[in-house]
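# Survey of secondary and tertiary structure
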Amino acid sequence: MRHTASACAEYYMARALELARRGLYTTHPNPRVGCVLVKNGRVIAEGWHERAGEAHAEVQALMRAGKKAKGATAYVTLEPCSHQGRTPPCADALIAAGIKSVVIGMQDPNPEVAGRGIAKLQAAGIQVQVGVLQAQAEALNPGFCRRMREQMPWVRCKMAMSLDGRTGMRSGESQWITGPAARAQVQGLRAQSSAIVTGVDTVIYDDCALTVRAPHLLLDAQETALACERQPLRVILDSNLRTPLWAQIFKHPGDIWIMTTCDNAQKRADLEALGAQVHVFKANAMGRLPLAQVLKVLAQSGCNEILLETGATLAGSFIQAGLVDALVVFMAPTLLGQGARPLFALTGIEKMADQRPLVIDNIRAVGHDWRIDAHFATPSQTATHE
(Lines give C-alpha, C1' and ligand atoms only; values in the text may rest on other atoms or scores of the structure.)
Protein backbone atom coordinates (compact mmCIF):
# COMPACT_ATOMS: atom_id res chain seq x y z
CA MET A 1 0.00 0.00 0.00
CA ARG A 2 1.39 3.42 -1.02
CA HIS A 3 1.44 6.16 1.57
CA THR A 4 0.85 9.82 0.73
CA ALA A 5 3.65 12.31 1.20
CA SER A 6 1.66 13.88 4.05
CA ALA A 7 1.30 10.55 5.85
CA CYS A 8 5.02 9.85 5.46
CA ALA A 9 5.89 13.29 6.82
CA GLU A 10 3.69 12.72 9.87
CA TYR A 11 5.15 9.24 10.41
CA TYR A 12 8.74 10.48 10.52
CA MET A 13 7.81 13.59 12.52
CA ALA A 14 6.11 11.37 15.10
CA ARG A 15 9.38 9.49 15.43
CA ALA A 16 11.29 12.77 15.80
CA LEU A 17 8.91 13.81 18.59
CA GLU A 18 9.47 10.47 20.30
CA LEU A 19 13.22 11.09 20.19
CA ALA A 20 12.78 14.63 21.51
CA ARG A 21 11.01 13.27 24.59
CA ARG A 22 14.26 11.57 25.58
CA GLY A 23 15.42 15.02 26.62
CA LEU A 24 12.38 15.55 28.85
CA TYR A 25 14.49 15.85 32.02
CA THR A 26 17.81 17.15 30.75
CA THR A 27 17.58 19.96 28.16
CA HIS A 28 16.72 22.86 30.53
CA PRO A 29 16.78 25.74 29.65
CA ASN A 30 16.76 24.62 26.01
CA PRO A 31 13.79 23.06 24.21
CA ARG A 32 13.40 19.32 23.65
CA VAL A 33 14.14 18.60 19.98
CA GLY A 34 14.35 15.45 17.87
CA CYS A 35 15.59 14.83 14.32
CA VAL A 36 15.25 11.96 11.83
CA LEU A 37 17.21 11.74 8.56
CA VAL A 38 15.51 9.81 5.76
CA LYS A 39 16.95 8.83 2.35
CA ASN A 40 15.35 6.68 -0.32
CA GLY A 41 12.50 5.83 2.04
CA ARG A 42 14.77 4.61 4.84
CA VAL A 43 15.88 6.14 8.12
CA ILE A 44 19.65 6.61 7.96
CA ALA A 45 20.22 8.39 11.27
CA GLU A 46 18.46 9.87 14.30
CA GLY A 47 19.37 12.42 16.94
CA TRP A 48 17.96 14.39 19.84
CA HIS A 49 19.11 17.27 21.98
CA GLU A 50 20.37 15.81 25.25
CA ARG A 51 21.75 18.72 27.28
CA ALA A 52 22.25 22.47 27.03
CA GLY A 53 25.70 23.22 25.65
CA GLU A 54 25.89 19.91 23.78
CA ALA A 55 25.14 19.19 20.12
CA HIS A 56 21.59 19.88 18.97
CA ALA A 57 19.37 17.17 17.51
CA GLU A 58 20.22 17.93 13.86
CA VAL A 59 23.97 17.82 14.50
CA GLN A 60 23.65 14.57 16.45
CA ALA A 61 21.82 12.98 13.51
CA LEU A 62 24.27 14.38 10.94
CA MET A 63 27.26 13.04 12.87
CA ARG A 64 25.68 9.58 12.91
CA ALA A 65 24.83 9.73 9.20
CA GLY A 66 28.20 10.97 7.99
CA LYS A 67 28.49 11.24 4.19
CA LYS A 68 25.15 9.43 3.75
CA ALA A 69 23.38 12.63 4.80
CA LYS A 70 23.87 14.18 1.35
CA GLY A 71 20.54 14.23 -0.49
CA ALA A 72 18.53 13.18 2.58
CA THR A 73 15.41 14.75 4.09
CA ALA A 74 15.63 15.97 7.68
CA TYR A 75 12.53 15.78 9.88
CA VAL A 76 13.05 18.05 12.88
CA THR A 77 10.53 19.00 15.56
CA LEU A 78 11.70 22.64 15.89
CA GLU A 79 13.07 25.08 13.32
CA PRO A 80 16.87 24.68 13.04
CA CYS A 81 18.68 27.52 14.76
CA SER A 82 20.39 30.17 12.65
CA HIS A 83 22.46 31.94 15.30
CA GLN A 84 25.66 31.18 17.18
CA GLY A 85 24.88 30.24 20.76
CA ARG A 86 26.81 27.76 22.85
CA THR A 87 26.86 25.61 19.70
CA PRO A 88 27.11 26.58 15.98
CA PRO A 89 23.96 27.15 13.89
CA CYS A 90 22.15 23.94 12.94
CA ALA A 91 20.89 25.47 9.69
CA ASP A 92 24.51 25.85 8.57
CA ALA A 93 25.24 22.23 9.47
CA LEU A 94 22.28 20.98 7.40
CA ILE A 95 23.37 23.08 4.41
CA ALA A 96 27.00 21.90 4.66
CA ALA A 97 25.88 18.26 4.81
CA GLY A 98 23.99 18.58 1.53
CA ILE A 99 20.51 17.97 2.95
CA LYS A 100 17.90 18.10 0.14
CA SER A 101 14.80 19.06 2.14
CA VAL A 102 13.78 19.83 5.71
CA VAL A 103 10.39 19.12 7.29
CA ILE A 104 9.79 21.14 10.46
CA GLY A 105 7.27 20.60 13.24
CA MET A 106 7.05 24.22 14.36
CA GLN A 107 8.76 27.55 13.85
CA ASP A 108 11.12 28.50 16.68
CA PRO A 109 9.46 31.11 18.97
CA ASN A 110 12.91 32.37 20.00
CA PRO A 111 13.18 35.92 18.56
CA GLU A 112 16.81 35.18 17.66
CA VAL A 113 15.61 32.46 15.27
CA ALA A 114 11.87 32.97 14.49
CA GLY A 115 11.95 32.16 10.76
CA ARG A 116 15.60 33.02 10.14
CA GLY A 117 16.61 29.36 10.14
CA ILE A 118 13.90 28.60 7.57
CA ALA A 119 14.97 31.55 5.42
CA LYS A 120 18.62 30.48 5.53
CA LEU A 121 17.74 26.94 4.41
CA GLN A 122 15.56 28.22 1.57
CA ALA A 123 18.25 30.66 0.44
CA ALA A 124 20.58 27.67 0.09
CA GLY A 125 18.09 25.95 -2.22
CA ILE A 126 16.72 23.51 0.38
CA GLN A 127 13.01 22.68 0.22
CA VAL A 128 11.30 23.48 3.53
CA GLN A 129 7.92 22.37 4.87
CA VAL A 130 6.68 23.78 8.20
CA GLY A 131 3.81 22.78 10.50
CA VAL A 132 3.80 18.97 10.43
CA LEU A 133 2.33 17.78 13.77
CA GLN A 134 2.71 21.35 14.99
CA ALA A 135 0.31 20.97 17.94
CA GLN A 136 2.29 18.00 19.25
CA ALA A 137 5.55 19.89 18.78
CA GLU A 138 4.19 22.86 20.75
CA ALA A 139 2.89 20.56 23.51
CA LEU A 140 6.36 19.11 23.97
CA ASN A 141 7.82 22.50 24.94
CA PRO A 142 5.04 24.58 26.53
CA GLY A 143 7.41 26.39 28.87
CA PHE A 144 10.03 27.26 26.28
CA CYS A 145 7.32 28.58 23.95
CA ARG A 146 5.73 30.68 26.70
CA ARG A 147 9.08 32.07 27.84
CA MET A 148 10.13 33.04 24.33
CA ARG A 149 6.78 34.61 23.41
CA GLU A 150 5.66 36.20 26.66
CA GLN A 151 8.75 36.21 28.93
CA MET A 152 6.81 34.06 31.39
CA PRO A 153 7.17 30.39 32.38
CA TRP A 154 4.46 27.75 32.00
CA VAL A 155 2.95 26.84 35.39
CA ARG A 156 1.63 23.43 36.36
CA CYS A 157 -0.14 23.20 39.73
CA LYS A 158 0.08 19.78 41.39
CA MET A 159 -2.27 18.87 44.21
CA ALA A 160 -3.21 15.66 46.05
CA MET A 161 -6.64 15.24 47.59
CA SER A 162 -9.04 12.80 49.17
CA LEU A 163 -12.28 11.80 47.46
CA ASP A 164 -14.03 14.57 49.43
CA GLY A 165 -11.61 17.19 48.12
CA ARG A 166 -9.35 17.57 51.16
CA THR A 167 -5.57 17.91 51.12
CA GLY A 168 -4.60 17.39 54.74
CA MET A 169 -5.73 17.58 58.31
CA ARG A 170 -6.48 20.85 60.08
CA SER A 171 -3.22 20.42 62.02
CA GLY A 172 -1.27 20.52 58.74
CA GLU A 173 -0.58 16.78 58.63
CA SER A 174 -0.79 15.62 55.01
CA GLN A 175 1.63 12.73 54.46
CA TRP A 176 0.58 10.60 52.79
CA ILE A 177 -2.81 10.91 51.07
CA THR A 178 -1.79 9.15 47.86
CA GLY A 179 0.13 5.94 47.27
CA PRO A 180 3.63 5.17 45.91
CA ALA A 181 2.61 5.14 42.23
CA ALA A 182 1.13 8.66 42.43
CA ARG A 183 4.12 9.95 44.38
CA ALA A 184 6.44 8.46 41.74
CA GLN A 185 4.64 10.51 39.08
CA VAL A 186 5.11 13.63 41.18
CA GLN A 187 8.84 12.88 41.23
CA GLY A 188 8.72 12.73 37.43
CA LEU A 189 6.92 16.08 37.27
CA ARG A 190 9.60 17.58 39.47
CA ALA A 191 12.37 16.17 37.28
CA GLN A 192 10.99 17.74 34.10
CA SER A 193 10.43 21.13 35.72
CA SER A 194 12.91 23.99 35.73
CA ALA A 195 11.78 25.04 39.19
CA ILE A 196 9.48 23.96 42.00
CA VAL A 197 7.62 26.78 43.71
CA THR A 198 6.19 26.39 47.19
CA GLY A 199 5.04 28.55 50.08
CA VAL A 200 6.74 28.98 53.42
CA ASP A 201 3.83 27.33 55.25
CA THR A 202 4.36 24.14 53.23
CA VAL A 203 8.04 24.20 54.22
CA ILE A 204 7.12 24.67 57.89
CA TYR A 205 4.29 22.12 58.10
CA ASP A 206 5.65 19.40 55.78
CA ASP A 207 9.39 20.03 56.24
CA CYS A 208 9.73 19.02 52.59
CA ALA A 209 12.96 18.64 50.61
CA LEU A 210 11.31 19.13 47.18
CA THR A 211 14.06 17.15 45.47
CA VAL A 212 13.96 14.44 42.81
CA ARG A 213 14.68 11.16 44.57
CA ALA A 214 15.77 8.09 42.62
CA PRO A 215 14.21 5.39 44.85
CA HIS A 216 10.75 6.93 44.43
CA LEU A 217 10.73 7.34 40.63
CA LEU A 218 9.77 3.76 39.67
CA LEU A 219 11.57 4.14 36.32
CA ASP A 220 14.17 1.92 34.67
CA ALA A 221 17.82 2.56 35.51
CA GLN A 222 18.54 4.69 32.43
CA GLU A 223 15.51 6.97 32.86
CA THR A 224 16.16 7.26 36.59
CA ALA A 225 19.72 8.41 35.92
CA LEU A 226 18.47 11.08 33.50
CA ALA A 227 15.71 12.25 35.84
CA CYS A 228 18.15 12.65 38.73
CA GLU A 229 20.89 14.30 36.68
CA ARG A 230 19.68 17.79 37.56
CA GLN A 231 17.87 19.00 40.65
CA PRO A 232 15.30 21.70 39.81
CA LEU A 233 15.59 25.11 41.37
CA ARG A 234 13.54 25.24 44.60
CA VAL A 235 11.71 28.50 45.19
CA ILE A 236 10.10 29.45 48.52
CA LEU A 237 7.58 32.28 48.58
CA ASP A 238 8.11 33.78 52.01
CA SER A 239 6.90 37.37 52.43
CA ASN A 240 8.15 37.77 56.00
CA LEU A 241 11.23 35.50 55.90
CA ARG A 242 9.77 32.86 58.19
CA THR A 243 11.67 29.98 56.58
CA PRO A 244 13.21 28.09 59.51
CA LEU A 245 16.96 27.67 59.43
CA TRP A 246 16.58 24.03 60.49
CA ALA A 247 14.35 23.16 57.51
CA GLN A 248 15.00 19.92 55.67
CA ILE A 249 15.13 21.77 52.36
CA PHE A 250 18.59 23.16 53.20
CA LYS A 251 20.05 19.69 53.79
CA HIS A 252 19.74 18.51 50.19
CA PRO A 253 21.65 19.44 47.02
CA GLY A 254 20.34 22.01 44.59
CA ASP A 255 19.77 25.74 44.42
CA ILE A 256 17.24 27.48 46.68
CA TRP A 257 15.73 30.90 46.05
CA ILE A 258 13.63 32.68 48.64
CA MET A 259 11.27 35.36 47.35
CA THR A 260 10.27 37.90 49.97
CA THR A 261 9.05 41.41 50.66
CA CYS A 262 11.05 41.59 53.90
CA ASP A 263 14.40 43.36 53.70
CA ASN A 264 15.66 42.23 57.12
CA ALA A 265 19.45 42.17 56.76
CA GLN A 266 20.06 39.65 59.57
CA LYS A 267 17.42 37.20 58.37
CA ARG A 268 18.77 37.47 54.83
CA ALA A 269 22.31 36.84 56.02
CA ASP A 270 21.25 33.77 58.02
CA LEU A 271 19.46 32.24 55.02
CA GLU A 272 22.22 33.12 52.60
CA ALA A 273 24.71 31.45 54.95
CA LEU A 274 22.79 28.22 54.30
CA GLY A 275 23.22 28.66 50.55
CA ALA A 276 19.92 30.31 49.65
CA GLN A 277 19.58 33.31 47.35
CA VAL A 278 17.16 35.88 48.76
CA HIS A 279 15.26 38.07 46.28
CA VAL A 280 13.43 41.07 47.72
CA PHE A 281 10.33 42.40 45.93
CA LYS A 282 8.17 45.42 46.58
CA ALA A 283 4.88 44.24 48.11
CA ASN A 284 1.72 44.61 46.07
CA ALA A 285 -1.32 46.65 47.17
CA MET A 286 -2.38 43.83 49.53
CA GLY A 287 1.05 43.64 51.14
CA ARG A 288 1.90 40.35 49.44
CA LEU A 289 4.43 39.09 46.94
CA PRO A 290 3.65 40.15 43.35
CA LEU A 291 3.25 36.66 41.90
CA ALA A 292 3.44 37.66 38.23
CA GLN A 293 6.67 39.53 38.88
CA VAL A 294 8.10 36.51 40.69
CA LEU A 295 7.36 34.38 37.63
CA LYS A 296 8.96 36.97 35.33
CA VAL A 297 12.15 36.82 37.36
CA LEU A 298 12.15 33.03 37.05
CA ALA A 299 11.64 33.29 33.29
CA GLN A 300 14.53 35.74 33.04
CA SER A 301 16.72 33.15 34.76
CA GLY A 302 15.83 30.58 32.08
CA CYS A 303 12.99 28.71 33.78
CA ASN A 304 10.62 27.13 31.25
CA GLU A 305 8.26 24.97 33.30
CA ILE A 306 7.26 25.65 36.90
CA LEU A 307 5.76 23.04 39.20
CA LEU A 308 3.62 24.65 41.89
CA GLU A 309 3.56 22.46 45.02
CA THR A 310 1.84 24.37 47.75
CA GLY A 311 -1.20 24.65 49.96
CA ALA A 312 -4.73 25.80 49.24
CA THR A 313 -4.18 29.50 49.91
CA LEU A 314 -1.18 30.09 47.66
CA ALA A 315 -2.52 27.77 44.96
CA GLY A 316 -5.76 29.74 45.03
CA SER A 317 -3.85 33.02 44.73
CA PHE A 318 -2.03 31.79 41.62
CA ILE A 319 -5.31 30.63 40.09
CA GLN A 320 -7.12 33.89 40.81
CA ALA A 321 -4.21 35.83 39.31
CA GLY A 322 -4.61 33.80 36.10
CA LEU A 323 -1.10 32.35 36.43
CA VAL A 324 -1.86 28.61 36.35
CA ASP A 325 -1.73 26.90 32.95
CA ALA A 326 -2.46 23.32 33.97
CA LEU A 327 -3.72 21.34 36.96
CA VAL A 328 -2.58 17.87 37.94
CA VAL A 329 -4.73 16.53 40.74
CA PHE A 330 -4.14 13.12 42.31
CA MET A 331 -7.29 11.82 44.00
CA ALA A 332 -7.02 9.12 46.64
CA PRO A 333 -9.87 6.72 47.53
CA THR A 334 -10.24 7.99 51.07
CA LEU A 335 -12.24 10.55 53.07
CA LEU A 336 -10.74 13.13 55.42
CA GLY A 337 -13.88 14.89 56.63
CA GLN A 338 -15.17 18.44 56.61
CA GLY A 339 -12.65 19.66 59.18
CA ALA A 340 -9.71 18.90 56.89
CA ARG A 341 -8.07 21.44 54.59
CA PRO A 342 -9.69 22.21 51.20
CA LEU A 343 -8.03 21.78 47.81
CA PHE A 344 -8.07 25.45 46.80
CA ALA A 345 -8.87 28.64 48.71
CA LEU A 346 -10.73 30.71 46.13
CA THR A 347 -12.54 33.93 47.00
CA GLY A 348 -15.28 35.77 45.18
CA ILE A 349 -17.22 32.67 44.14
CA GLU A 350 -20.69 33.29 45.57
CA LYS A 351 -23.02 31.97 42.87
CA MET A 352 -22.96 29.46 40.03
CA ALA A 353 -22.14 32.17 37.50
CA ASP A 354 -18.85 32.78 39.37
CA GLN A 355 -17.54 29.22 39.02
CA ARG A 356 -14.24 28.50 37.25
CA PRO A 357 -14.94 25.88 34.56
CA LEU A 358 -12.22 23.38 33.67
CA VAL A 359 -11.48 21.23 30.64
CA ILE A 360 -10.47 17.71 31.63
CA ASP A 361 -7.60 16.60 29.41
CA ASN A 362 -7.09 13.15 30.89
CA ILE A 363 -8.21 10.92 33.74
CA ARG A 364 -6.40 7.70 34.49
CA ALA A 365 -5.73 5.28 37.30
CA VAL A 366 -2.34 5.53 39.00
CA GLY A 367 -1.99 2.60 41.36
CA HIS A 368 -4.94 2.83 43.74
CA ASP A 369 -5.35 6.56 43.04
CA TRP A 370 -6.63 8.61 40.10
CA ARG A 371 -4.79 11.32 38.19
CA ILE A 372 -6.78 14.19 36.67
CA ASP A 373 -5.09 16.51 34.17
CA ALA A 374 -7.02 19.69 33.40
CA HIS A 375 -6.76 23.29 32.29
CA PHE A 376 -9.04 26.29 32.71
CA ALA A 377 -11.70 26.65 30.05
CA THR A 378 -11.60 29.59 27.67
CA PRO A 379 -14.81 31.59 27.15
CA SER A 380 -15.45 29.73 23.89
CA GLN A 381 -14.98 26.35 25.56
CA THR A 382 -17.32 27.40 28.37
CA ALA A 383 -19.98 28.48 25.88
CA THR A 384 -20.03 25.10 24.14
CA HIS A 385 -21.04 23.42 27.40
CA GLU A 386 -23.86 25.78 28.33
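Residues numbered from 1 in each chain as written. Predicted model: local features only at pLDDT ≥ 70, side-chain atom pairs only at ≥ 80, totals over all residues. Heavy atoms only, no water.

For the rest of this paragraph, the subject is the sheet that holds strand S5 (residues 127-130). Spatially, the 5 strands line up as an open sheet ordered S2-S1-S3-S4-S5, and their pairing is mixed. Every other strand in the sheet has two partners, leaving strand S2 (42-48) and S5 as the edge strands with one partner each. Averaged over all pairs of adjacent strands, the angle between their axes in this sheet comes to 15 degrees, without regard to strand direction. Of the pairings in the sheet, the one linking strand S1 (residues 34-39) to S2 comprises 6 bridges and is antiparallel in character. By the bridge assignment, Val36 is partnered in S2 with Glu46. Together, S1, S2 and strand S3 (73-78) form the strand contacts of helix H2 (residues 57-65), whose direction differs from that of S2 by roughly 135 degrees. (Pairing = 2+ DSSP bridges. Helix = DSSP H or I, 4+ residues; strand = E, 2+ residues; numbered from the N terminus. Axes fitted to C-alpha atoms, helices over the stretch in contact; angles between N-to-C directions. Contact = heavy atoms within 4.5 Å.)

Each assigned domain of the protein chain is listed here: domain 1 (5-142) and domain 2 (151-383). Put simply, the middle of domain 1 and the middle of domain 2, counted by C-alpha atoms, are 34 Å apart. Facing 10 residues of domain 1, the contacting portion of domain 2 comprises 15 residues. Across the domain 1/domain 2 interface, buried area totals approximately 1100 Å², and carbon plus sulfur atoms make up 52% of it. By the criterion of area lost to domain 2, the three top residues of domain 1 are Tyr25, His28 and Pro142, representing 60% of everything that side buries. The tally of links from domain 1 across to domain 2 stands at 2 salt bridges. (Domains from an automatic or database assignment. Buried area = accessible area lost by both parts, 1.4 Å probe. Salt bridge = Lys/Arg side-chain N within 4 Å of Asp/Glu carboxyl O.)

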